[in-house]
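# Coordinate analysis (summary)
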Amino acid sequence: MRKILLPVILTFAFTFVFVTTAYAELSDVEESDSGNLDKIHDSKYKASAISVLRNSDGELLSVIKTSATRYLDKPITDEFIDTLPVMKKGILNGKNLEMTQVTLDYNYEKCLTEVFEVPGYTDQCNWYHRATVTILGVTDGIGEKYELFRGLNHSYTVKPSDSVTSYWTIIRSD
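Just so it is clear, the structure is predicted and the values come from calculations on it, not from any experiment.

## Structural notes on the overall build of the protein
- In terms of helices and strands, the protein carries 1 helix and 13 strands.
- The order of α-helices and β-strands along the protein, N terminus first, is β-β-β-β-β-β-α-β-β-β-β-β-β-β.

Next up, the structure:
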């Protein structure tokens, strides 16, 4: 499993024309850092994630729902969605809709590899991280990373040995 930025959730492999790796992130970046992502409100996509946080004993710590507020308006978004099995199809207000889902897991590293200069924190294995952003992204076969969907409506802490499973649901219209 690859480590992608600060608190990341996981990698999951798909194949289409070239190999693509999907990953989800939990990060503490601000909405202004959304780079080349567009507002999702009037797009053909609706995306959300349910993230389940568990401790090392498997006990439930929290469940967070995140609605995507931004998306990547590039062909790779549809190329990725096309690799997922369609769970449901339908017509609403004259538009064809299809729903896909992807599940992504991440198990935190036991300890950090670097200790930061923060008073009171000297143990690499007891750091807590604050997550405020949930991201669904892909890495293509040549290593280029793309954020496909981003949501900003949560905040919680995770620590080493915690695991996070994100269940992304994507609805696309024509």
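## Quick look at the packing of aromatic side chains
- Tallied over the entire structure, the rule returns 3 aromatic pairs.
- The interplanar angle of 55 degrees and the centroid separation of 5.4 Å between the aromatic rings of Y45 and Y71 together place this pair among those described as tilted. Taken together, the positions of Y45 in strand β4 (residues 45-54) and Y71 in strand β6 (residues 70-71) put the pair 26 residues apart, joining distant regions of the chain.
- In this structure Y45 comes out as buried when scored by relative accessible area, which is 2%.
- Measuring from ring centre to ring centre gives 5.6 Å for Y45 and F149, while their planes differ by 75 degrees; the resulting arrangement is edge-to-face. One end of the pair, Y45, is in strand β4; the other, F149, is in strand β11 (residues 145-151), with 104 residues separating them in the sequence.
- A connected cluster of aromatic rings, assembled from ring pairs, spans Y45, Y71, F149 and W168.

## Examining unusual backbone geometry
- In this structure, N93 takes a positive phi of about 50 degrees despite not being glycine.
- Looking at the element boundaries, N93 is found in the loop between β7 (86-92) and β8 (95-107).
- Overall, the relative accessible area of 76% leaves N93 in the exposed class.

## Describing the nonpolar core
- Among the nonpolar cores identified, the biggest contains 20 residues, and F80, L136, L148, F149, W168 and I170 are the most heavily contacted of them.
- Residue assignment for this core shows that the elements contributing at least two residues are β4, α1 (75-82), β8, β10 (133-139), β11 and β13 (163-173).

## Some points on a nonpolar patch on the surface
- Nonpolar side chains collect at one region of the surface, where I50, L60, V63 and Y167 lie side by side and expose about 350 Å² of accessible area between them.
- For Y167, the position within the fold is in strand β13.

## What to know about the pattern of salt bridges
- In this structure the tally under the stated criterion is 5 salt bridges.
- Ionic pairing is found between R172 and E98, a salt bridge with its closest N-O pair at 2.2 Å. Of the two residues, R172 is situated in strand β13 and E98 in strand β8; the sequence distance between them amounts to 74 residues.
- Under the relative-accessibility criterion, E98 is labelled buried at 16%.
- Notably, a salt bridge pairs R150 with E147, separated by 2.6 Å at the nearest N-O pair.
- Here R150 falls in the buried class, since its relative accessible area comes to 3%.

Reading guide: rules and limits
Residues numbered from 1 in each chain as written. Predicted model: local features only at pLDDT ≥ 70, side-chain atom pairs only at ≥ 80, totals over all residues. Heavy atoms only, no water. Helix = DSSP H or I, 4+ residues; strand = E, 2+ residues; numbered from the N terminus. Phe/Tyr/Trp six-rings, centres within 6.5 Å; stacked < 30°, edge-to-face > 60°. Buried < 20%, exposed > 50% of the residue type's maximum accessible area, 1.4 Å probe, protein only. Core = buried A, V, L, I, M, F, W, Y, C linked by side-chain atoms within 4.5 Å. Patch = residues over 30% accessible without salt bridge, like charges linked within 9 Å, V, L, I, M, F, W, Y side chains within 5 Å. Areas by Shrake-Rupley, 256 points an atom, 1.4 Å probe, with all protein chains shown as cover. Salt bridge = Lys/Arg side-chain N within 4 Å of Asp/Glu carboxyl O.

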